Amino acid sequence: MIVALLILHGLLAVALLGAVTHQALSVWLPARKTASSFVARMRGVTATSYVNAIVVLYALTALLGGIIYPTYRLNVRIVLEQMQLHVPNGAFELKEHFVALGLGMLPAYWYFWRAPEAIEHARARAVLTAILAFIVWWGFLVGHVLNNIRGFDL
Amino acid sequence: MIAARSKPVFVITFAAAYAILYVVSVQYNLALFTYHAATEEFHFLVQPASDGPAMYWYGWLATSALGASAIAALTSWLPSASTKRLWSGLAWSTPLVVMIVFVYILRRYFMQ
C-alpha cells in the first residue's frame, strides 16, 4: 500500500512539476513571437490556465506526502542517520519545511492569479510562482535522491 | 464570509503570518498535536518520544494554519483605511525570508 502511495505521490509530483515549470517559464521568460522551437513552446503557454491545476496538485501531493511521511520517519530517516548521510537528511528536512511554507502561500498565489490583468499584482504573481516552482523542484529532486538511496525497501 | 475588498488583506496577511508562525512553531516546538508513528497514536500538544519517534510536523502545520487564519481574519475586519497600504509583496517576501532562516537553522546538516 505504501509503495502504491509513494508511486502516486511521485506521479502527482511529476504533473505538478510540469505545470509549475510551464507557468514559471511563461511568466519570467515569455515567448515574444510565434513559438517555433520546443523551448519557445514551453515558454509560450497561457500561464493562467495552470493555476487551479497547480493548487490542486500541490495540495494533493503534499497530502500524500504527509500520509507516507511516518513510513519515511520510521524506516528511512533512521537508516540515513545510522549511515551518517547528513546532507540527504538535511535536504529532506528543508523539503518538509519548504513544502509547509508553500502550503501557506497557496491562497495568495490563487488569489493573485484570479485577476491576471491586475498590473499592481504582477510582481507578486511572478515571485509567488517562482518560489512555488523552486519548492516543487527541490521537493522532487530530494525525493528522487532519497528514493534512490533507500529504494522501495520500506 | 470575507468581503471582496478584504480578500487581498486576508490572503496577504495569512501568507505572512503563516510563515512566521511556522518557523516559531518549529523553533519553539509549539505543535498543536503530536503523532507517534510507531504506535499510530495522536496526542494533544507536544508529547515526548516514547515507543519510537514523535512527529511534530503535522502539529506545526495545524498551529500555523489556525493562528494565521485567526490573524488574517482579524486583520481583514479592520477598517479598510488602515489596511489599504498593505504591501502585496508580504505574501512572498515573508515566506522567502523564512525559507532562508530554515537554511540557516539546518546548516549543521550541510557542514559536517
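For the structure, check the block above.
Residues numbered from 1 in each chain as written. Chains lettered and ligands numbered in written order. Predicted model: local features only at pLDDT ≥ 70, side-chain atom pairs only at ≥ 80, totals over all residues. Heavy atoms only, no water.

K.L.:
If you had to explain the packing of aromatic side chains to someone new, which residues and values would you point to?
P.N.:
Residues and elements named next belong to chain A. Within the structure shown, the criterion is met by 19 aromatic pairs over all chains. Plain terms: the ring middles of Phe-134 and Trp-138 are 6.1 Å apart, the flat faces sit at 35 degrees to each other, and that makes the pair tilted. Within this pair, Phe-134 and its partner Trp-138 are both found in helix H6 (residues 122-150), separated by four residues, close to a single helical turn. With relative accessibility at 26%, the residue Trp-138 sits in the partly exposed group. (Phe/Tyr/Trp six-rings, centres within 6.5 Å; stacked < 30°, edge-to-face > 60°. Helix = DSSP H or I, 4+ residues; strand = E, 2+ residues; numbered from the N terminus. Buried < 20%, exposed > 50% of the residue type's maximum accessible area, 1.4 Å probe, protein only.)

K.L.:
Describe the interface of chain A and chain B, listing the residues and the values that go with them.
P.N.:
Size of an interface, as often reported, equals the accessible area lost when the parts are brought together. Listed as interface residues are 35 residues of chain A and, on the opposing side, 32 residues of chain B. Here chain A meets chain B over a buried area of about 3000 Å², counting both sides, of which 81% is carbon and sulfur. Taken together, the links from chain A to chain B amount to zero salt bridges. Counting across the interface, chain A meets chain B through four residue pairs in polar contact (both at pLDDT 80 or more). Contributions of two or more residues to the side of chain A that touches chain B are made by helix H3 (51-75), helix H5 (86-114) and H6 of chain A. Considering every element that reaches the side of chain A that touches chain B, the biggest residue donor is H5(A), with 20 residues. (Contact = heavy atoms within 4.5 Å. Buried area = accessible area lost by both parts, 1.4 Å probe. Salt bridge = Lys/Arg side-chain N within 4 Å of Asp/Glu carboxyl O. Polar contact = N/O pair within 3.5 Å; in protein donor to acceptor, adjacent residues only side chain to side chain.)

K.L.:
Quick rundown of a nonpolar patch on the surface? Include the residues and the values.
P.N.:
Taken together, the side chains of A:Val3, A:Ile7, A:Leu8 and A:Leu11 define a hydrophobic patch exposed on the protein surface, amounting to about 330 Å² of accessible area. Residue A:Ile7 is classed as partly exposed on the basis of its relative accessible area, which comes to 42%. (Patch = residues over 30% accessible without salt bridge, like charges linked within 9 Å, V, L, I, M, F, W, Y side chains within 5 Å. Areas by Shrake-Rupley, 256 points an atom, 1.4 Å probe, with all protein chains shown as cover.)

K.L.:
Before we move on, could you go through the sheet that holds strand S1 (residues 33-36) of chain B and cite the residues and values that matter?
P.N.:
Residues and elements named next belong to chain B. Judged by pairing direction, the sheet is antiparallel, and its three strands sit side by side in the order S2-S1-S3 without closing on themselves. Unpaired on one side and paired on the other, strand S2 (41-44) and strand S3 (54-55) mark the two borders of the sheet. Here S1 pairs with S3 via two bridges, running antiparallel. Counterpart to His-36 in the pairing with S3 is Ala-54. Against the sheet, helix H2 (residues 57-76) makes contact with S1 and S3, and its axis sits at roughly 160 degrees relative to S1, the strand it touches most. (Pairing = 2+ DSSP bridges. Axes fitted to C-alpha atoms, helices over the stretch in contact; angles between N-to-C directions.)

K.L.:
Run through the pattern of salt bridges, naming residues and quoting values.
P.N.:
Residues and elements named next belong to chain A. Within this structure, the stated rule accounts for two salt bridges over all chains. Where Glu-81 meets Arg-77, a salt bridge forms, and the shortest distance between an N and an O atom there is 2.9 Å. Of this pair, Glu-81 and Arg-77 both sit in helix H4 (residues 77-82), four residues apart, which is roughly one turn of that helix. Accessibility expressed as a relative area gives 13% for Arg-77, which makes it buried.

K.L.:
Break down the pairing of S1(B) for me, with residues and values.
P.N.:
All names here are of chain B. Pairing of S1 with S2 involves four bridges; the strand directions are antiparallel. Note on S2: the bridge partner recorded for Phe-33 is Phe-44. Adjacent in sequence and paired antiparallel, S1 and S2 are bridged by four residues, among which Glu-40 carries a positive phi angle near 55 degrees.

K.L.:
Run through unusual backbone geometry, naming residues and quoting values.
P.N.:
Despite not being glycine, A:Gln84 shows a phi value in the positive range, around 55 degrees. In this fold, A:Gln84 is placed in the loop between H4 and H5.

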